Amino acid sequence: MGGINVEKRDVAVLGVGQTKFGYHPDKSLVDLFAEAFYEAFNESNIELKDIQAIYYGNFVGEMTDGSANLSGFISDEIGLKGIPARRYEAACASSSVAFREAYLAVAHGIYDCVAVGGSERLYNAGTAIGTRALATAVDGLHEMTAGLTFPGVFALAARLYSKKYEIPMEKLHEKMAQVSIKNHKYGAMNPKAQFYNKFGDLKVEDVLKSKVICSPLTLFDCCPMTDGGSAVIIASADFAEDVIDKPIYVLGTGQSGAGGLFRQKEDMIRAIPRKIASEMAYKEAKLTPKDIDFVEIHDCFTIAEIIASEAMGFFEYGKGADAVEEGETWVGGSIPINPDGGLIGKGHPVGATGTSQIYAVVKQLRNEFKYNQVKDAEIGMTDTLGGDFGTLVNIILGVHRRG
Amino acid sequence: MVEESESRKITYTEYFDALLEGKLLGYKCKDCNAYTCPPKAVCDNCGSQKVERVELSGKGRIKTFTTTYVAPVGYDKEVPYTVAMVELEEGPWIIGRLEIENADEIGQDLIGEEVVVEGKEFPTEMFYPDKKRRVVPIFRLVK
Ligand SMILES: [Zn+2]
């Protein structure tokens, strides 16, 4: 496993930034990144020249904005002409992969301080192009030919879950609706969320009776199309402790992946890549699921959050749907999930989603997320899914250095 | 050594041509006996390169399905359509469309139903890898 077991130095987050998520018809991909970057930079107490490289996540700039090769334009835009900059594409996990690569580079001493982030414009692209752009993350030949979409992937998973765990589909859908109700409630509290002040009081019937997208999934089972940007500045822990009062430490990271859904077969509802990635992160952090105070999970669809909560070890397989219904994943429960609203309530600007999860975790751990505080939280985790389990990234952050 | 005729890779054009004739092509592994379909570079079960070309039965059972009402650009004229995953008799799972009008009315009872697969040609779209056509595996209920 080579370098992965080489002694690494501790790494910490200096600053985080996130644009308002929603509709940005007047801001380019570069503009959205720059806005998030400067929020992160302005709280990092460093000089621009301290940043040695940029790790940027973007999924479908080619299709939504006719733009690729974005990293050079981004570094130029923010005043960092000529530093090494690169774009990472891993569908919805793009900026989480970028974050992990950045973390590994700093941990192994290649750089002392780097910027990570992402931006995406799916709302502005419109539903038809947006849906096709998102569908580029399924198997291009064998899944695409059938017209499989992302709501379709998770609709397939929901029916399989219902069958496998012998929960009637109607009953399961009521439990899934609780994920939407919870995440919309929290998203409505978050001023940076796409649905700020909206849908904060959904009922089960509202979810079940909204427009069917891919049966059985309805509109309220799905996250929206979103424009937005996010950014994080990380540095070696020694560097961070010199410049800010309260660094948030990166305790563990993991990444895994898989082929098409038809290769994963029934494993799709056990999200095996997520099990592998989260176990990698727990091992590096020397922690177990019980040590995690809250988690930002990739709830692209209601059933996705349920499957994730099981694969990450918070609940047994087949029990995640009961857990949300019983309040375990609400703030105040045993493992609060998505106190910032998640993808469903906050929005999902794909390439920006991973680092916006880091933003949410860091704000919580610094006691700055006052809208929906997880009390006394010291360890938070992110979970980002790219494609139909094609890429999976988990990151654990905490207020103290690794034990 | 694997014989040349057996090791020759099944291209996607060949796979879809066969499907249009009602034949489902894949590989059988000489090391572990597992079947791989659709074809890929190695045995899907054990990673061996020692695979031989075979024609599968084309029979299987529905494992899950969804009816799509909101389609991507290029597929919008086809809605609503029902996408299904089928477990073939030989083990592999494949994705295609279920030719049935009332999948949502039947609901979960469709799971486990026997189907056979054949190919149907659709117009391609701007981003699809095959620029001449799009061959969709179509599942038909046996009973
Ligand atoms: Zn084999």
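Residues numbered from 1 in each chain as written. Chains lettered and ligands numbered in written order. Predicted model: local features only at pLDDT ≥ 70, side-chain atom pairs only at ≥ 80, totals over all residues. Heavy atoms only, no water.

Q: How would you sum up the layout of surface pockets? Please name residues and give values.
A: Residue and element names in this part refer to chain A. Size it by volume and the largest pocket reaches roughly 650 Å³. Listing elements by their share of the lining of the largest pocket, those giving two or more residues are α5 (127-135) and α6 (150-164). Residues belonging to the lining of the largest pocket are distributed by class as follows: 21 nonpolar, nine polar and no charged. (1 Å grid on protein atoms, 1.4 Å probe; cavity = no way out; pocket = protein on both sides within 12 Å on 5 of 7 lines; lining within 4 Å. Points joined across faces, edges and corners; volume = space filled by probe spheres on them. Helix = DSSP H or I, 4+ residues; strand = E, 2+ residues; numbered from the N terminus. Nonpolar A, V, L, I, M, F, W, Y, C, P; charged D, E, K, R; others polar.)

Q: How would you sum up the packing of aromatic side chains? Please name residues and give values.
A: This structure, assessed with the given rule, holds 16 aromatic pairs over all chains. An angle of 65 degrees between the planes, with centres 5.2 Å apart, marks the rings of F195 of chain A and F199 of chain A as edge-to-face. Residue F195 of chain A is classed as buried on the basis of its relative accessible area of 16%. Exposure remark for F199 of chain A: the relative accessible area of 35% places this residue in the partly exposed category. Put simply, the rings of F33, F37, Y38, F41 and Y56 of chain A touch in pairs and so form one group of aromatic residues. Over the face of the ring belonging to Y81 of chain B we find R97 of chain B, whose NZ or CZ atom lies 3.8 Å from the ring centre. The ring of F122 of chain B is capped by R97 of chain B, whose NZ or CZ atom sits 5.3 Å from the centre of that ring. (Phe/Tyr/Trp six-rings, centres within 6.5 Å; stacked < 30°, edge-to-face > 60°. Buried < 20%, exposed > 50% of the residue type's maximum accessible area, 1.4 Å probe, protein only. Lys NZ or Arg CZ within 6 Å of the ring centre and 35° of its normal.)

Q: Which residues make up the domain arrangement of chain B, and what values do they have?
A: Residue and element names in this part refer to chain B. For chain B, the assigned domains read domain 1 (4-56) and domain 2 (59-141). For domain 1 versus domain 2, the separation of C-alpha centres amounts to 21 Å. Counting residues at the interface gives 14 residues for domain 1 and 16 residues for domain 2. Of the roughly 1,200 Å² buried where domain 1 meets domain 2, counting both sides, 67% is carbon and sulfur surface. Three residues, F16, L19 and L20, lead the burial of domain 1 against domain 2; their summed loss comes to 41% of the area buried on that side. Here domain 1 is connected to domain 2 by one salt bridge. Counting across the domain 1 and domain 2 interface gives four residue pairs in polar contact (both at pLDDT 80 or more). Where the side of domain 1 that touches domain 2 is concerned, the elements lending two or more residues are α2 (12-20) and β2 (35-36). In terms of residue count, α2 provides more of the side of domain 1 that touches domain 2 than any other element does, seven residues in total. Residue composition of the side of domain 1 that touches domain 2, by class: 10 nonpolar, three polar and one charged. (Domains from an automatic or database assignment. Contact = heavy atoms within 4.5 Å. Buried area = accessible area lost by both parts, 1.4 Å probe. Salt bridge = Lys/Arg side-chain N within 4 Å of Asp/Glu carboxyl O. Polar contact = N/O pair within 3.5 Å; in protein donor to acceptor, adjacent residues only side chain to side chain.)

Q: Tell me about the nonpolar core, and please be specific about residues and values.
A: Among the nonpolar cores identified, the biggest contains 102 residues, and F154, Y161, L261 and M268 of chain A together with L24 of chain B are the most heavily contacted of them. When we break this core down by domain, the ones giving at least three residues each are domain 1 (4-56) and domain 2 (59-141) of chain B. Each residue touching Y161 of chain A, except ones within four places of it in the same chain, is listed here: E166, I167, L172, I269, I303, I306, I307, E310, G318, K319, G320 and A321 of chain A. Grouped together as the second largest cluster of nonpolar side chains are 46 residues, Y56, I244, F314 and I335 of chain A included. (Core = buried A, V, L, I, M, F, W, Y, C linked by side-chain atoms within 4.5 Å.)

Q: Can you explain the environment of T127 of chain A? Please cite residues and give values.
A: Mapping T127 of chain A onto the fold places it in helix α5. The class for T127 of chain A is partly exposed, based on a relative accessible area of 49%. Separated by 193 residues in sequence, T127 of chain A and G320 of chain A place their C-alpha atoms 30 Å apart. Setting aside residues up to four positions removed in sequence, T127 of chain A forms contacts with M225 of chain A together with V70 of chain B.

Q: Outline the pairing of strand β1 (residues 11-18) of chain A, supporting the account with residue identities and numerical values.
A: Residues and elements named next belong to chain A. Summarising burial for β1: eight of the eight residues are buried, a large majority. Across three bridges, β1 lies against strand β8 (residues 248-257) in antiparallel orientation. When the bridges of β8 are listed, A12 appears paired with Y249. The pairing of β1 with strand β7 (residues 227-236) spans seven bridges and is antiparallel. Residue pairing for β7: G17 is matched across the bridge by A231. (Pairing = 2+ DSSP bridges.)

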